[in-house]
Amino acid sequence: MKKIVVANWKMNPEKLEQARILVLSLEHRVNQLDKVEVVVCAPYIYLPPLSHYCSLTKLGAQNVNWLAKGSLTGEISAVQLKSFRVSYVILGHSERRLYLGETDSMVNAKIITALKYHLTPIVCLGASDRAKKTEMKKLLTKQFRAVTAGLSQAQLQKIIFVYEPVWAISTMKNSTPADSEHARDMVVHIQKLLANKIGVGKSKNMAILYGGTVNRSNVAEFAKHPEIGGALVGAASLDSENFWEVIKEFNRESIHKL
Ligand code: PGA
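What you see is a predicted model; the values in this text were computed from it and never measured.

Considerations on the pattern of salt bridges
Line of reasoning, step 1. Counted according to the given criterion, the structure contains twelve salt bridges.
Line of reasoning, step 2. Between Asp185 and Arg184 there is a salt bridge, with the nearest N and O atoms lying 3.4 Å from each other.
Line of reasoning, step 3. Taking relative accessible area as the criterion, Arg184 reaches 22% and is therefore assigned partly exposed.
Line of reasoning, step 4. With its nearest N and O atoms 3.3 Å apart, the salt bridge here joins Lys224 to Glu221.
Line of reasoning, step 5. With a relative accessible area of 39%, Lys224 lands in the partly exposed category.

Structural data, given as structure tokens:
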């Protein structure tokens, strides 16, 4: 099973040309990788032009609507994304939950639609406050159950989950990255939740990522844990050298085997 490193560009970069340069610098190097899949989740407006440059690098969106078509001003559908060779979509990111009122049931509906149209959902889970470990696990369990409600075993196996605590995201006030043992524990917890639904064997074939201030200086700490199946990277993904170091570190570590 390959590890997965995902760039979450958010509302960056400011110019399409900068986006093109970032993608091309990846595209020239990803053929050196054998254990990592690289996904760039760009703003919607950059997806059509970038689709001409991405071949080994996969393209992802940062959101999708739960309706496949219809009248919802300002929204984008899964069908539209598919027509531009987009194959992944980030869902349930904490910034959307915090500032745009996205709820677990919206995330659940979006997951169902994304899967129906063959987009791989990258689903973020994580608490907004630092709580005791047991509390965090309870919160994760609650979020996991809500966003996966009604999904079949086959559907669940197509999802990439990310443990991304809100307090670890680099742009949050007073943020600090999670310590890597904590990240590993929470990833293992998500894996257990999956195992309860699809069985231990299948759950171990799923990459579960960590997100929150991953960069070239701390990536080795996260990548050394075989349970952590990759990373969701925000700020560091906007600097091609920084992001490449993150990718290389996951590629260096052995394939996830427990
Ligand atoms: P960060 O962002 O790497 O800048 O903390 C991660 C994210 O928000 O997905």
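Still more ground to cover, so stick around.
Some thoughts on the packing of aromatic side chains
Line of reasoning, step 1. Counted according to the given criterion, the structure contains three aromatic pairs.
Line of reasoning, step 2. Residues Tyr163 and Tyr210 carry aromatic rings whose centres are separated by 6.4 Å and whose planes lie at 45° to one another, so their mutual orientation is tilted. In this pair, Tyr163 is assigned in strand 6 (residues 160-163) and Tyr210 in strand 7 (residues 208-211), connecting sequence segments 47 residues apart. Tyr210 matches Tyr163 in its accessibility class, with the two residues each being buried.
Line of reasoning, step 3. Look at Tyr210 and Phe222: their rings are 4.5 Å apart centre to centre, the planes differ by 15°, and that puts the pair in the stacked class. On the criterion of sequence distance, the pair formed by Tyr210 in strand 7 and Phe222 in helix 10 (residues 219-223) is long-range, its members being twelve residues apart.
Line of reasoning, step 4. By relative accessible area, Tyr210 is classed as buried at 0%.
Line of reasoning, step 5. Judged by its relative accessible area of 2%, Phe222 falls in the buried class.

Describing unusual backbone geometry
Line of reasoning, step 1. Cis peptide bonds are those with omega within 30 degrees of zero, and the linkage from Asn12 to Pro13 qualifies with -15°.
Line of reasoning, step 2. A positive phi is found at Arg85, a non-glycine position, where the angle reads about 60°.
Line of reasoning, step 3. Looking at where Arg85 falls in the secondary structure, it is placed in the loop between helix 3 (78-82) and strand 4 (86-91).
Line of reasoning, step 4. Even without being glycine, Thr213 reaches a positive phi, approximately 55°.
Line of reasoning, step 5. By the secondary structure assignment, Thr213 is in the loop between strand 7 and helix 10.

Here's the deal with the nonpolar core
Line of reasoning, step 1. If you look at the biggest cluster of nonpolar residues, it comprises 67 residues, and the most contacted ones within it are Phe161 and Phe250.
Line of reasoning, step 2. With seven residues, the single largest contributor to this core is helix 8 (residues 180-198).
Line of reasoning, step 3. In contact with Phe161, not counting residues within four places along its chain, are Val123, Leu125, Phe144, Thr148, Leu156, Ile190, Leu194, Met206, Ala207, Ile208 and Leu209.
Line of reasoning, step 4. The next biggest cluster of nonpolar side chains, apart from the first, holds 13 residues, and it includes Ile4, Val6, Ala207 and Leu209.

A look at the state of the cysteines
Disulfide: a covalent bond formed between the sulfur atoms of two cysteine residues.
Line of reasoning, step 1. Under the defined criterion, the tally for this structure stands at zero disulfides.
Line of reasoning, step 2. The structure places no disulfide on Cys124, whose sulfur is separated from the nearest cysteine sulfur, that of Cys41, by 9.3 Å.
Line of reasoning, step 3. Overall, the relative accessible area of 2% leaves Cys124 in the buried class.

Overview of the pairing of strand 3 (residues 58-61)
Line of reasoning, step 1. In the sheet, strand 2 (residues 36-41) pairs with strand 3 via three bridges, with the strands oriented parallel. Residue pairing in the sheet places Val40 in a bridge with Leu59 of strand 3.
Line of reasoning, step 2. Two elements, strand 3 and strand 4, share three bridges in a ladder whose sense is parallel. Counterpart to Ala61 in the pairing with strand 4 is Val89.

Details of a nonpolar patch on the surface
Line of reasoning, step 1. Together, Trp66, Leu67 and Leu72 line one region of the surface with nonpolar side chains, adding up to about 240 Å² of accessible area.
Line of reasoning, step 2. Given the relative accessible area of 35%, Leu67 is considered partly exposed.

Considerations on the site of the ligand
Line of reasoning, step 1. The local shell around the ligand consists of Asn8, Lys10, His93, Glu164, Ile169, Ser170, Gly212, Thr213, Leu232, Val233, Gly234 and Ala235.
Line of reasoning, step 2. Separating an oxygen atom of the ligand from a side-chain N or O atom of Asn8 is a distance of 3.2 Å.
Line of reasoning, step 3. Between the ligand and Glu164, the relevant distance is 2.8 Å, taken from an oxygen atom to a side-chain nitrogen or oxygen of the residue.
Line of reasoning, step 4. Protein contacts shield 99% of the accessible area of the ligand, which totals 280 Å² for the unbound molecule.
Line of reasoning, step 5. For the shell around the ligand, a count of residues per class yields four nonpolar, six polar and two charged.

With respect to the side chain of Asn251
Line of reasoning, step 1. For Asn251, the location among the structural elements is in helix 11 (residues 240-252).
Line of reasoning, step 2. There is a polar contact of 2.7 Å between the side chain of Asn251 and the backbone nitrogen of Lys35.
Line of reasoning, step 3. A distance of 3.5 Å separates the side chain of Asn251 from the backbone nitrogen of Val36, its partner in a polar contact.

The rules behind each value
Residues numbered from 1 in each chain as written. Predicted model: local features only at pLDDT ≥ 70, side-chain atom pairs only at ≥ 80, totals over all residues. Heavy atoms only, no water. Salt bridge = Lys/Arg side-chain N within 4 Å of Asp/Glu carboxyl O. Buried < 20%, exposed > 50% of the residue type's maximum accessible area, 1.4 Å probe, protein only. Phe/Tyr/Trp six-rings, centres within 6.5 Å; stacked < 30°, edge-to-face > 60°. Helix = DSSP H or I, 4+ residues; strand = E, 2+ residues; numbered from the N terminus. Core = buried A, V, L, I, M, F, W, Y, C linked by side-chain atoms within 4.5 Å. Contact = heavy atoms within 4.5 Å. Disulfide = S-S within 2.5 Å. Pairing = 2+ DSSP bridges. Patch = residues over 30% accessible without salt bridge, like charges linked within 9 Å, V, L, I, M, F, W, Y side chains within 5 Å. Areas by Shrake-Rupley, 256 points an atom, 1.4 Å probe, with all protein chains shown as cover. Near = heavy atom within 4 Å. Polar contact = N/O pair within 3.5 Å; in protein donor to acceptor, adjacent residues only side chain to side chain. Nonpolar A, V, L, I, M, F, W, Y, C, P; charged D, E, K, R; others polar.

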